[in-house]
Amino acid sequence: MTRTHWAAVAAVVLALLFAGAATVASAGDGGDSGPRTPSTDSADAGFARDMSVHHQQAVEMSFIVRDRTEDEDVRRLAYDIANTQANQRGMMLGWLDLWGLPKFDADAEPMAWMAGTGGHAGHAGHPKPVDGTLMPGMATQQDLDRLGRLSGKAAEIEFLQLMIVHHNGGVAMAQGCAKLCTVGPEKELAEGMVAAQRSEVELMVDLLKKRGAQVRT
């Protein structure tokens with residue numbers, strides 16, 4: 001693992017966190033970039049809800065692999081993902097509070113807010129949810145159980161393969177928000193997610209290669 005690659009990933013993550021922290025209070029006021037309070041069926045609210053769930057699973061997977069390997073590179077990556085996505089999840093749930101909107105909407109179909117991108121997830125180039133999952137890139141409970149049973153190199157490979165798919169699904173969702181969301185800070189956060197997660201995917205592909213494994217298709 002090159003220091004340059006780690007430094008690049010860290011720089012993107014830190015910039016994203018600082019930008020999010022600096023703008024979280026202004027998310028309730030869209031300024032010139034959108035309405036003051038998004039509606040509950042808006043892309044802004046839908047993205048905040050769905051990506052919060054998506055991020056929570058990434059945090060869960062990161063904690064699982066942290067306890068299943070002693071590899072410094074994988075443990076560092078897992079820590080970075082867990083820390084970053086837990087913070088971002090807090091921002092998005094905080095925005096929903098600021099907007100006076102529920103954090104969960106049992107009546108809303110997951111990913112319905114992405115219809116404006118040309119189709120729901122699984123169409124128009126977006127990853128398709130599989131095996132009963134609700135959003136693109138999400139691991140199944142069977143995937144999580146399997147990861148929890150593995151250790152060492154096998155756990156590292158399983159985690160990296162699952163997280164690459166997870167990140168690619170997250171990128172598609174963030175791109176949808178960057179196009180459809182109307183609140184400036186949320187659009188900026190989504191754009192930052194795209195850059196950060198793409199960078200981490202490149203890193204994870206390299207880590208897989210070093211372990212003689214390939215990206216799962």
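Up top you'll find the structure we're talking about.
Residues numbered from 1 in each chain as written. Predicted model: local features only at pLDDT ≥ 70, side-chain atom pairs only at ≥ 80, totals over all residues. Heavy atoms only, no water.

Draft legend 1. Spatial organisation of the nonpolar core. In terms of nonpolar packing, the biggest core is built from 27 residues, with Phe47, Met92, Trp113 and Met173 touching the most fellow members. Put simply, the parts of the chain that give this core at least two residues each are helix 2 (43-66), helix 3 (72-99), helix 5 (152-180) and helix 6 (184-210). In terms of residues, this core owes the most to one element, helix 3, which gives six residues. Discounting chain neighbours no more than four positions away, the residues touching methionine 92 are Phe47, Ala48, Met51, Ser52, His55, Leu189 and Met193. Ala58, Ile157, Phe159 and Leu162 belong to the second-largest nonpolar core, a separate cluster that totals 23 residues. (Core = buried A, V, L, I, M, F, W, Y, C linked by side-chain atoms within 4.5 Å. Buried < 20%, exposed > 50% of the residue type's maximum accessible area, 1.4 Å probe, protein only. Helix = DSSP H or I, 4+ residues; strand = E, 2+ residues; numbered from the N terminus. Contact = heavy atoms within 4.5 Å.)

Draft legend 2. Quick look at the pattern of salt bridges. Per the counting criterion, the structure on display carries nine salt bridges. Between aspartate 67 and arginine 66 there is a salt bridge, with the nearest N and O atoms lying 3.3 Å from each other. On the accessibility criterion, aspartate 67 (54% relative accessible area) is exposed. For the salt bridge of aspartate 71 with arginine 211, the shortest nitrogen-to-oxygen distance reads 3.0 Å. Of the two residues, aspartate 71 is situated in the loop between helix 2 and helix 3 and arginine 211 in the segment after helix 6; the sequence distance between them amounts to 140 residues. (Salt bridge = Lys/Arg side-chain N within 4 Å of Asp/Glu carboxyl O.)

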